[in-house]
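A structural walkthrough
Now for the letters of each chain:
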Amino acid sequence: LAATGVARPVIGVNARDLTSLRVDPERFAACVGALPSGAITVAESGVAGPFDVARAGAAGADAVLVGEHLTVVGDPRQRVAALVAAGRSAATAGSRS
């Protein structure tokens, strides 16, 4: 961002309640309206697959934070490719609205 000369805050919304460790997949959507306009928004925790990336993108997330999903059984490259494809689809759908 420094290269563009535009400073934008990056704000993450954690879907995981750090007291109970429960994940609320709708937390980002519930909070995004309260975030400052122009902020880069990150949906954090609870990304279990492409559906979750698409849901976050549809709710307005600019990015997602993925962790555990990449450590479970399977090819991490394929998992990343599926997540990226879901993010691109969400971004394309969002640019049409």
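In case you missed it, the structure is sitting above this.
Residues numbered from 1 in each chain as written. Predicted model: local features only at pLDDT ≥ 70, side-chain atom pairs only at ≥ 80, totals over all residues. Heavy atoms only, no water.

Structural notes on the overall build of the protein chain
What counts is decided by this rule: We count a stretch as a helix when DSSP gives it H or I for four or more residues in a row; a strand needs E for two or more, and each element gets its number in order from the N terminus. For each residue, the accessible area found with a 1.4 Å probe, counting protein chains only, is set against the maximum for its type, and the residue is called buried under 20%, exposed over 50%, and partly exposed in between. Contact criterion: two residues are considered in contact whenever any of their non-hydrogen atoms come within 4.5 Å of each other. All accessible-area figures derive from a Shrake-Rupley calculation using a 1.4 Å probe, and residue coverage is judged against the displayed protein chains alone.
Tallying secondary structure elements over the protein chain gives 3 helices and 3 strands in all. Reading the secondary structure of the protein chain in the N-to-C direction produces β-α-β-α-β-α. Burial statistics for the protein chain: of 97 residues in total, 20% are counted as buried. If you take every contact in the protein chain between residues at least 6 apart in sequence, the share linking residues at least 24 apart comes to 46%. For the protein chain, the computed accessible surface area is about 6300 Å², with 59% contributed by carbon and sulfur atoms.

Things to note about the side chain of Thr41
Structurally, Thr41 is set in strand β2 (residues 40-44). The class of Thr41 is buried, set by a relative accessible area of 5%.

Re helix α2 (residues 50-59)
For the record, the criterion: Arc definition: it is the arc formed by the directions from the helix axis to the C-beta atoms.
Turning to α2, its buried residues are Asp52, Val53 and Ala56. The buried residues of α2 all sit within an arc of 100° when viewed along its axis, so they share a single face. Seen from the open side of α2, the exposed residues pointing more than 90 degrees away from its buried face are Phe51 and Ala58. A positive backbone phi angle near 110° is found at Gly60, which sits one or two residues after α2.

Such coordinate-based values are descriptive only and should not be taken to indicate function.
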